[in-house]
Structures are given as structure tokens and as C-alpha cells.
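# An overview of the molecular structure
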Amino acid sequence: MAEKRKVDRRIQRTRALLRDALMQLIITKGYDEITIQDITDEANVARTTFYLHFTDKDDLLFGTMRDIYEDLYRAAGAEMSGSFYTDKEKDCSAEDFIHVKEYADFYKIMIGERGSAAFLSRVREFLAEAIMEITLKDLVPDGKDPRVPLDMMSYALAGAQIGVIKWWLDNGMRESPQKVAFMLEQLMKHGISWGLNLSD
């Protein structure tokens, strides 16, 4: 059992080295220009070691982001579920925007011109699933059917969140994660009339 834990720690360390190398290279080179050799050189591991863990750089990227997002939403799940009912900025969950701010240089590249369309698609899918499971399903009143299919709604809201993230990054993240999360949540809940101050 002790040997198994030792091996697991080695695997985790190697995967972390490869993950950190990829994220650093994305910032300096842009995603499309990165090769497997670049990643292994940056991480100081052998190419054969890379292929023991991942099939290609997409597999490394998507595996890394899946792990990060699963941890993020598992930690924030209960808080996010309840926050949609509040109209107070201080009670709004901002975990996802705090995460984006922490990895701002990475996201500026990945959702910009030097990024990856496949990455955006995967992020949208993950956000849509999280929005569906954490928020929308809990909001449907008993005995009522939504006017819009929940999966359509979740994809629309996921697209909106990605758009707001890009706007926030492009504008120097002047608003705090808490404030931008609150504004997005109110737009999602009340719509354009709230954003234009046409309704309470």
C-alpha cells in the first residue's frame, strides 16, 4: 500500500510538471505553436514519459482543465446553488471569476486569437453542464415545465459567461470578481431590462 501511494505521488508530480509547462508555454508562444518537444523540454521530462500520461497536447490541455473545473465546481457547488436566489452582491458566488483572475494570462491567450476553438467548445460544454446541474434544475418549480428546454438555456448561459469573461479580461479586469459575477448573475436572472435599468 505504501508503494502504491509512492507511485501515485510520482504520477501526480509528473502530470503537474507537464501541466505547468503547457500553461507557461501557452502564455509565451500561443497554443497552436507548441509542440510535444516544447512541453517536455519545459517540464524537463522525457517524451516517452509524456506519452505514458497523455496522447497529445489536446489531451493534456483538456485533462488539466477538466481537473481544475471539477475541483472548482465541487468546492463552489452548494454556494453557487444558493447564490442565484440573492440580490446582494456580497452573497454572490465568484469562484469562477476568482479562478479566471488567477489564470488571467492563460485565458487571455486561450479565448483570444491565439487560442483554441476546441478549448472554447470544451469549456462551454463543461460550463453548460455545471449550470444545468448546480443552478437550473433547482430553480424549476414543482409541477411546472420550463418554457425553454434546460439544455438550451444552459448553453445560452454558458456562452454568456464566456463572453463576459472575455470582456472582463479585455478591459483590464477593473471590476472585482465579486462584482462582475454579481452583474452577470443578475443579467441571467432578470435579463436585459434589468441591465438597462428598465425594471427593479
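The sections below set out a description of the structure shown in this document. It should be emphasised that the depicted structure is a prediction, and the values quoted were computed from it without experimental measurement.

## Points about the packing of aromatic side chains
With the rule as written, the count across this model stands at six aromatic pairs. Seen from their ring centres, Phe50 and Tyr51 are 5.3 Å apart, and the 85 degrees between their planes marks the pair as edge-to-face. These aromatic residues form a ring-pair network of at least three members: Phe50, Tyr51 and Phe54. Sitting over the face of the ring of Tyr31, Lys57 holds its NZ or CZ atom 4.5 Å from the ring centroid. For Arg122, the ring lying beneath its charged end belongs to Phe62, and the centroid distance is 4.0 Å.

## Side note on helix 7 (residues 117-139)
Compared with the 33 Å implied by 1.5 Å per residue over 23 residues, the 31 Å span of helix 7 between its first and last C-alpha is a close match. Maximal helix bending in helix 7 amounts to about 40 degrees, located at Met132. By the burial criterion, the buried members of helix 7 are Phe119, Val123, Phe126, Leu127, Ala128, Ala130, Ile131, Met132, Ile134, Thr135 and Leu136. Its side-chain oxygen 3.3 Å from the backbone nitrogen of Ala118, Ser116 forms the N-cap of helix 7.

## Brief notes about a nonpolar patch on the surface
A cluster of nonpolar side chains, namely Leu187, Ile192, Leu196 and Leu198, defines an oily patch on the protein surface of about 430 Å² accessible area. Take Ile192: it is sitting in helix 10 (residues 192-195). For Ile192, a relative accessible area of 60% gives the class exposed.

## Quick word on the packing of helix 8 (residues 150-170) against helix 9 (residues 177-190)
Interhelical geometry of helix 8 versus helix 9 gives an angle of 145 degrees and a closest axis separation of 11 Å. With respect to the hand of their crossing, helix 8 and helix 9 are arranged in right-handed fashion. Packed against helix 8, whose contacting residues are Leu157, Ala160, Gln161, Val164, Trp167 and Trp168, the element helix 9 presents Pro177, Val180, Leu184 and Met188 at the interface. Class assignment of the residues belonging to the contact of helix 8 with helix 9 gives a composition of nine nonpolar, one polar and no charged.

## Notes on unusual backbone geometry
Phi at Asn44 takes a positive value of approximately 60 degrees, unusual for a residue other than glycine. In this structure, Asn44 sits in the loop between helix 2 (36-43) and helix 3 (47-53). A positive phi angle, close to 50 degrees, is found at Met173, a residue other than glycine. Within the secondary structure, Met173 sits in the loop between helix 8 and helix 9.

## So, the packing of helix 7 against helix 8
Where helix 7 meets helix 8, the axes come as close as 8 Å, and the angle between the chain directions of the two elements is 120 degrees. What the angle tells us is that helix 7 and helix 8 run oblique. The two elements helix 7 and helix 8 cross, and the hand of that crossing is right-handed. For the pair helix 7 and helix 8, the contacting residues are Leu120, Val123, Arg124, Glu125, Leu127, Ala128, Ile131, Met132, Leu136 and Lys137 in the first and Leu150, Asp151, Met153, Ser154, Tyr155, Leu157, Ala158, Gly159, Gln161 and Ile162 in the second. Residues that form the contact of helix 7 with helix 8 fall into these classes: 13 nonpolar, three polar and four charged.

## With respect to helix 5 (residues 95-102)
Taken together, the buried positions of helix 5 are Asp96, Phe97, His99 and Val100. The buried residues of helix 5 occupy an angular sector of 155 degrees when projected down its axis, which confines them to one face.

## Observations regarding the nonpolar core
In this structure, Ile26, Ile39, Leu61, Tyr69, Phe106 and Phe119 are the most contacted members of the largest nonpolar core, which totals 55 residues. Going through the elements one at a time, helix 1 (2-29), helix 2, helix 4 (57-83), helix 5, helix 6 (104-110), helix 7, helix 8 and helix 9 are the ones with two or more residues in this core. Considering each element in turn, this core owes the most residues, 10 residues, to helix 7. Not counting the four nearest positions on each side in its chain, Tyr69 is found in contact with His99, Tyr107, Phe119, Val123 and Phe126.

## Some details on the pattern of salt bridges
In the structure shown here, the tally under the stated rule is three salt bridges. Here Asp20 ties to Arg19 by a salt bridge, and the two come within 3.0 Å at their closest N and O atoms. Residue Arg19 is classed as partly exposed on the basis of its relative accessible area, which comes to 31%. Note that Asp38 and Lys29 form a salt bridge whose closest N and O atoms lie 2.8 Å from each other.

What counts, and where the lines are drawn
- Residues numbered from 1 in each chain as written.
- Predicted model: local features only at pLDDT ≥ 70, side-chain atom pairs only at ≥ 80, totals over all residues.
- Heavy atoms only, no water.
- Phe/Tyr/Trp six-rings, centres within 6.5 Å; stacked < 30°, edge-to-face > 60°.
- Lys NZ or Arg CZ within 6 Å of the ring centre and 35° of its normal.
- Helix = DSSP H or I, 4+ residues; strand = E, 2+ residues; numbered from the N terminus.
- Expected span 1.5 Å × (residues − 1).
- Bend = angle between axes of the 7 residues up to and from the residue.
- Buried < 20%, exposed > 50% of the residue type's maximum accessible area, 1.4 Å probe, protein only.
- Polar contact = N/O pair within 3.5 Å; in protein donor to acceptor, adjacent residues only side chain to side chain.
- Patch = residues over 30% accessible without salt bridge, like charges linked within 9 Å, V, L, I, M, F, W, Y side chains within 5 Å.
- Areas by Shrake-Rupley, 256 points an atom, 1.4 Å probe, with all protein chains shown as cover.
- Salt bridge = Lys/Arg side-chain N within 4 Å of Asp/Glu carboxyl O.
- Axes fitted to C-alpha atoms, helices over the stretch in contact; angles between N-to-C directions.
- Left-handed = near helix turned anticlockwise from the far one by under 90°.
- Contact = heavy atoms within 4.5 Å.
- Nonpolar A, V, L, I, M, F, W, Y, C, P; charged D, E, K, R; others polar.
- Parallel < 35°, antiparallel > 145°, perpendicular 65-115°, else oblique.
- Arc of directions from axis to C-beta.
- Core = buried A, V, L, I, M, F, W, Y, C linked by side-chain atoms within 4.5 Å.

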